[in-house]
Amino acid sequence: MKVLRGAEVFFEGALQRLDLAFDEEGIHRIGPDLDVDGEVLEAEGLVVLPGMIDAHVHFRDFHEAHKEDWETGGRAAVAGGVTTVLDMPNNDPPAVTPQILREKREKAERSPVDFGLFAGITPENLPTLGELAREPRVVGFKLYMGETTGGLVIARRSLQREAFRRVADTDKVLAVHCQRPGRPEAEDVEIALDLAVTTGAKLHLCHLRTREGVQLAYEAKRDGVDVTLETCPHYLYFTEEDARERGTLLKVNPPLASPEDRDYLWEALAEGVIDLVASDHAPHTLEEKARPYEKAPFGLPGVETTLPLLLDAVSRGRLSLQRLVEVFSQKPAERFGLRDKGRIREGWRADLMVVDLEKRLLLRREALRTKCGWSPYEGFPLRGWPVRTFVQGREVFRKSED
Ligand code: NCD
Ligand code: ZN
């Protein structure tokens, strides 16, 4: 048994000075001055949060292991306070068959981070979605309405409808990449919402980035549509002006939006209009990013920087700690059916993270764990960093003094 002592624990919606006793089986006791035998972990002056859950990562591996693999991606995740990742299927080879999902599971099970998987949808595998839904670790399906890395696109409306219908039958969540190049986001959001209404599919809208798109989705949610809204840190921190300046380094799908959209996203996040934040960790090497603009790949790394960015936003008063926990832990756990995760409770999983809200550090390339070896946030001075991470009660990360 381990006993975290002296920390402020985020428990039942607020920080409270409590001890926490846990092991690999879960959280056993939470209370003031616990009288429990075990290894004492002093955490005076620190804060304990439930482990973060990143609902949108691309950990590559297989034929793209030079960009990231489950080992490096996992180490990056836990260094960023993330204890569970949900991995996307646009790999080489794509995760669209039971066989590839099994091979991916075998790699992921050796990673320090816990995981769930999205299965991809192609015109060919549509009849097998029921079977894919029963594969262990599958939390949902991913449908790409437009071209992006990996080429998993369902462009025809009739096939999209069939995909929504078949996913609805499985009761899993359908995560949708609503973006055809050059179209306004709201147009594609509207198509996805209509399909969700007519088929009853549980819809998750990935990486929203415009006011119009978010508002349309939110109105539908208020009208009772089963939809959740995701945004990503790069839409909160960068705009199309930055993209023009920094070229391929900020080339990402969907593309960055206007400063007004960025400001609106912060409001929408704080007010609960947006349900969750996910990194869309999409690593590519600097060599690949150095290609001429048209040939450079879309995507930015982010799994290890999302929490420090959000903690910094808390320190600046842009976001409450409560909202941070909701959008990056509680909501993703609820939406994707991750049992006993997303909150600190007795009997729940000991996926925990200790943070130092006062620690100030520059985000440095040398400190990164991702195999792609860079971050668009290098040089950002951030206040608030994870210092220890536990996955199922096992310590998987401890920050060295730097
Ligand atoms: C992603 C990638 O590289 O896998 N790229 C990106 O720009 N976000 C694919 C995706 O999520 O669209
Ligand atoms: Zn993505």
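In this report, the structure presented in the accompanying data block is examined. Fair warning: this is a prediction, and the values are worked out from it, not measured in the lab.

Rules behind the numbers
- Residues numbered from 1 in each chain as written.
- Chains lettered and ligands numbered in written order.
- Predicted model: local features only at pLDDT ≥ 70, side-chain atom pairs only at ≥ 80, totals over all residues.
- Heavy atoms only, no water.
- Patch = residues over 30% accessible without salt bridge, like charges linked within 9 Å, V, L, I, M, F, W, Y side chains within 5 Å.
- Areas by Shrake-Rupley, 256 points an atom, 1.4 Å probe, with all protein chains shown as cover.
- Salt bridge = Lys/Arg side-chain N within 4 Å of Asp/Glu carboxyl O.
- Lys, Arg positive; Asp, Glu negative; His and termini not counted.
- Charge placed at Lys NZ, Arg CZ, Asp CG, Glu CD.
- Helix = DSSP H or I, 4+ residues; strand = E, 2+ residues; numbered from the N terminus.
- Buried < 20%, exposed > 50% of the residue type's maximum accessible area, 1.4 Å probe, protein only.
- Pairing = 2+ DSSP bridges.
- Axes fitted to C-alpha atoms, helices over the stretch in contact; angles between N-to-C directions.
- Contact = heavy atoms within 4.5 Å.
- Near = heavy atom within 4 Å.
- Polar contact = N/O pair within 3.5 Å; in protein donor to acceptor, adjacent residues only side chain to side chain.
- Nonpolar A, V, L, I, M, F, W, Y, C, P; charged D, E, K, R; others polar.

Once that is clear, we can look at a negative patch on the surface. Taken together, Glu240, Glu241, Glu245 and Glu260 make up a surface patch of like negative charges. For the negative patch, the leading source of residues is helix α8 (residues 240-246), giving 3 residues. Relative to the elements of secondary structure, Glu241 occurs in helix α8. Judged by relative accessible area, Glu241 falls into the partly exposed class, the value being 44%.

What follows concerns the sheet that holds strand β17 (residues 381-391). Taken together, the 6 strands give an open sheet; going across it, the order is β3-β2-β7-β16-β17-β18, and neighbouring strands pair in mixed fashion. Both outer strands of the open sheet, β3 (14-17) and β18 (394-398), are each paired with one neighbouring strand and no more. Sheet twist, expressed as the mean angle between neighbouring strand axes with direction ignored, is 35 degrees. In this structure, strand β16 (residues 352-362) lies alongside β17, joined through 8 bridges in antiparallel fashion. The partner of Leu362 across the bridge, within β17, is Pro381. Where helix α12 (residues 321-335) meets the sheet, it contacts β2 (8-11), β3 and β7 (47-50), and its direction lies at approximately 35 degrees from that of β7.

This part covers unusual backbone geometry. The peptide bond linking Asp92 to Pro93 adopts the cis configuration, its omega dihedral lying at 0 degrees. With respect to the helices, strands and loops of the structure, Pro93 is situated in the loop between β9 (82-87) and α2 (98-108). At the junction of Asn253 and Pro254, the peptide bond is cis and its omega measures out at -15 degrees in the coordinates. With respect to the helices and strands, the residue Pro254 is situated in the loop between α8 and α9 (259-271). Even without being a glycine, Asp171 presents a positive backbone phi close to 70 degrees. Within the fold, Asp171 resides in the loop between α4 (157-170) and β12 (173-177). Even without being a glycine, His207 presents a positive backbone phi close to 30 degrees. Assignment of secondary structure puts His207 in the loop between β13 (202-205) and α6 (211-222). Among the residues examined, His207 registers a relative accessible area of 2% and is labelled buried.

Close to ligand 1 lie 14 residues; Arg60, Asn90, Thr148, Asn253 and Asp280 are nearest. Asn253 places a polar main-chain atom, nitrogen or oxygen, 2.8 Å from an oxygen atom of ligand 1. Asp280 has a polar side-chain atom sitting 2.9 Å from a nitrogen atom of ligand 1. Notes on ligand 1: free accessible area 310 Å², of which the protein chains cover 100%. By residue class, the composition of the shell around ligand 1 is 3 nonpolar, 9 polar and 2 charged.

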